[in-house]
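So the chains spell out like this:
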Amino acid sequence: MRFRRRTSLSVALALLIAACSAGPAEETAPAKPRLGLFSTLPIYWGEGDVAALIDSGAEPDWVRVELESRYDLVPLDTLEPDALAGIDRVILAQPRALAPSENVSFDQWLTAGGEALIFADPMLTRHSEYPIGDRRRPQDVVLLSPLFDHWGLELTFDETQSGEERVLPVAGLPVPVRLHGRFVRNDSGAEERTCTTHDEGLVARCAVGQGTALVLADAALLDWDGSAPVPARRKDALQALLGGFGAQESLSRD
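Keep in mind that what you see is a predicted model, and the values were worked out from it rather than measured.

## Section: the packing of aromatic side chains
The relation between two aromatic rings is expressed through the spacing of the ring centres and the mutual angle of the planes.
Thinking step 1. Overall, the coordinates contain 4 aromatic pairs when judged by the stated rule.
Thinking step 2. Ring centres of tyrosine 44 and tryptophan 45 lie 4.9 Å apart, and the angle between their planes is 80 degrees; this geometry places the pair in the edge-to-face category.
Thinking step 3. By relative accessible area, tyrosine 44 is classed as buried at 17%.
Thinking step 4. Overall, tryptophan 45 belongs to the partly exposed group, its relative accessible area being 43%.
Thinking step 5. Pairing phenylalanine 148 with tryptophan 151 gives two aromatic rings, centres 6.2 Å apart and planes at 55 degrees, and the pair type is tilted. One end of the pair, phenylalanine 148, and the other, tryptophan 151, are both in helix α6 (residues 145-151), 3 residues apart, so they sit about a helical turn from each other.

## A few points about the nonpolar core
Thinking step 1. Membership of the largest hydrophobic core comes to 61 residues, with the highest contact counts inside it found for Ile91, Phe106, Ile118, Phe119 and Trp151.
Thinking step 2. Those residues within four positions of phenylalanine 119 in sequence are excluded, and the remaining contacts are Ile91, Leu92, Ala93, Gln94, Pro95, Leu216, Asp218, Ala219, Leu221, Leu222, Leu238 and Leu241.

## Digging into the state of the cysteines
Thinking step 1. Tallied over the full model, the rule gives 1 disulfide.
Thinking step 2. Here cysteine 195 connects covalently by a disulfide to cysteine 206, the sulfurs 2.0 Å from one another. A torsion of 110 degrees about the S-S bond marks the disulfide between cysteine 195 and cysteine 206 as right-handed. Of this pair, cysteine 195 sits in strand β9 (residues 193-198) while cysteine 206 is found in strand β10 (residues 203-208), placing the two residues 11 residues apart along the sequence.

## Regarding helix α5 (residues 100-111)
Thinking step 1. The end-to-end C-alpha distance of α5, which contains 12 residues, comes to 17 Å, matching closely the 16 Å that a straight helix rising 1.5 Å per residue would cover.
Thinking step 2. Within α5 the residues assigned to the buried category are Glu102, Asn103, Ser105, Phe106, Asp107, Trp109 and Leu110.
Thinking step 3. Immediately beyond the C-terminal end of α5, within one or two residues, lies glycine 113, with a positive phi of roughly 120 degrees.

## Examining unusual backbone geometry
Thinking step 1. In this structure, leucine 179 takes a positive phi of about 50 degrees despite not being glycine.
Thinking step 2. Not every positive phi belongs to a glycine, and glutamate 200 is a case in point at roughly 60 degrees.
Thinking step 3. On the secondary structure map, glutamate 200 appears in the loop between β9 and β10.

## Re the environment of leucine 144
Thinking step 1. Tracing the sequence through the fold places leucine 144 in the loop between β4 (115-119) and α6.
Thinking step 2. Separated by 47 residues in the primary sequence, leucine 144 and alanine 97 have C-alpha atoms spaced 6.5 Å apart.

## A few points about the side chain of aspartate 223
Thinking step 1. Looking at the secondary structure, you find aspartate 223 in the loop between β11 (211-216) and α7 (232-243).
Thinking step 2. Once you skip the residues sitting within four places of it in the chain, aspartate 223 turns out to touch Trp62, Thr125, Arg126 and Arg234.

## What to know about the environment of valine 230
Thinking step 1. For valine 230, the position within the fold is in the loop between β11 and α7.
Thinking step 2. Through-space distance from the C-alpha of valine 230 to that of valine 63 is 9.8 Å; in sequence the pair is 167 residues apart.
Thinking step 3. Filtering out sequence-adjacent residues up to four positions away, valine 230 remains in contact with Trp62, Trp224 and Lys235.

## With respect to the pairing of β11
Thinking step 1. In terms of residue burial, β11 counts as a mostly covered element, since 6 of its 6 residues are buried.
Thinking step 2. By the alternation rule, side chains of β11 split into Gly211, Ala213 and Val215 and Thr212, Leu214 and Leu216, which are all buried.
Thinking step 3. The pairing of β4 with β11 spans 5 bridges and is parallel. By the bridge assignment for β11, glutamate 115 is matched with threonine 212.
Thinking step 4. Looking at chain direction, β10 and β11 are connected through 6 bridges and run antiparallel. By the bridge assignment, alanine 204 is partnered in β11 with valine 215.
Thinking step 5. As consecutive antiparallel partners, β10 and β11 are separated by 2 residues, and within that stretch glycine 209 has a phi angle of approximately 60 degrees, a positive value.

The rules behind these values
Residues numbered from 1 in each chain as written. Predicted model: local features only at pLDDT ≥ 70, side-chain atom pairs only at ≥ 80, totals over all residues. Heavy atoms only, no water. Phe/Tyr/Trp six-rings, centres within 6.5 Å; stacked < 30°, edge-to-face > 60°. Buried < 20%, exposed > 50% of the residue type's maximum accessible area, 1.4 Å probe, protein only. Helix = DSSP H or I, 4+ residues; strand = E, 2+ residues; numbered from the N terminus. Core = buried A, V, L, I, M, F, W, Y, C linked by side-chain atoms within 4.5 Å. Contact = heavy atoms within 4.5 Å. Disulfide = S-S within 2.5 Å. Expected span 1.5 Å × (residues − 1). Pairing = 2+ DSSP bridges.

Here is the structure:
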């Protein structure tokens, strides 16, 4: 019995000495929240062959840099339940047309408390090296009508507007737009899905069950040709929209 007690005491002393002699625990940076990115725009990988992009050492797209300054960015290829599992926030930036199952999955994800920022451009103006019809080319015309209709929204487009880039106020912030759309409300929305339009229809904010979606009827904010530094006000506008996840109450109603 004495032998066992001495052995236990020796082990405890050894552990105490080891703990005292060890240096202070290393401080680790807090984990960033995860943000899903679902887009046909070359934000994450750039435009072109991925291997060639890595070998060239090209700078990543400025939007990716801004997103990764706040989030652990997760590129998404689909909006099926398995892809959205474990993600609380998602950006849809000129996404491809969704499969019926993806429409249902994304709506259910929002209903359960997800938060989304959506750039839905009716006439994309971003330059692409790929010709019209090439599957690698970003989606020229957003095709989210089934989802919007389910939320009681309609995306309209004025063909007579100027094709030049303009700066319009979005929640009091100067945001660049070009050939933008406008949202109007209709009576097709399902229960527990309420959308309000703001800034003359340029923005819609939707409450979908326990979740929220902030939808901008343009994607020109995400453009930049890379030949010059990105203007600070462009970055500020994007960061302000990111900061509004789940808290767009500052948007004034029309």
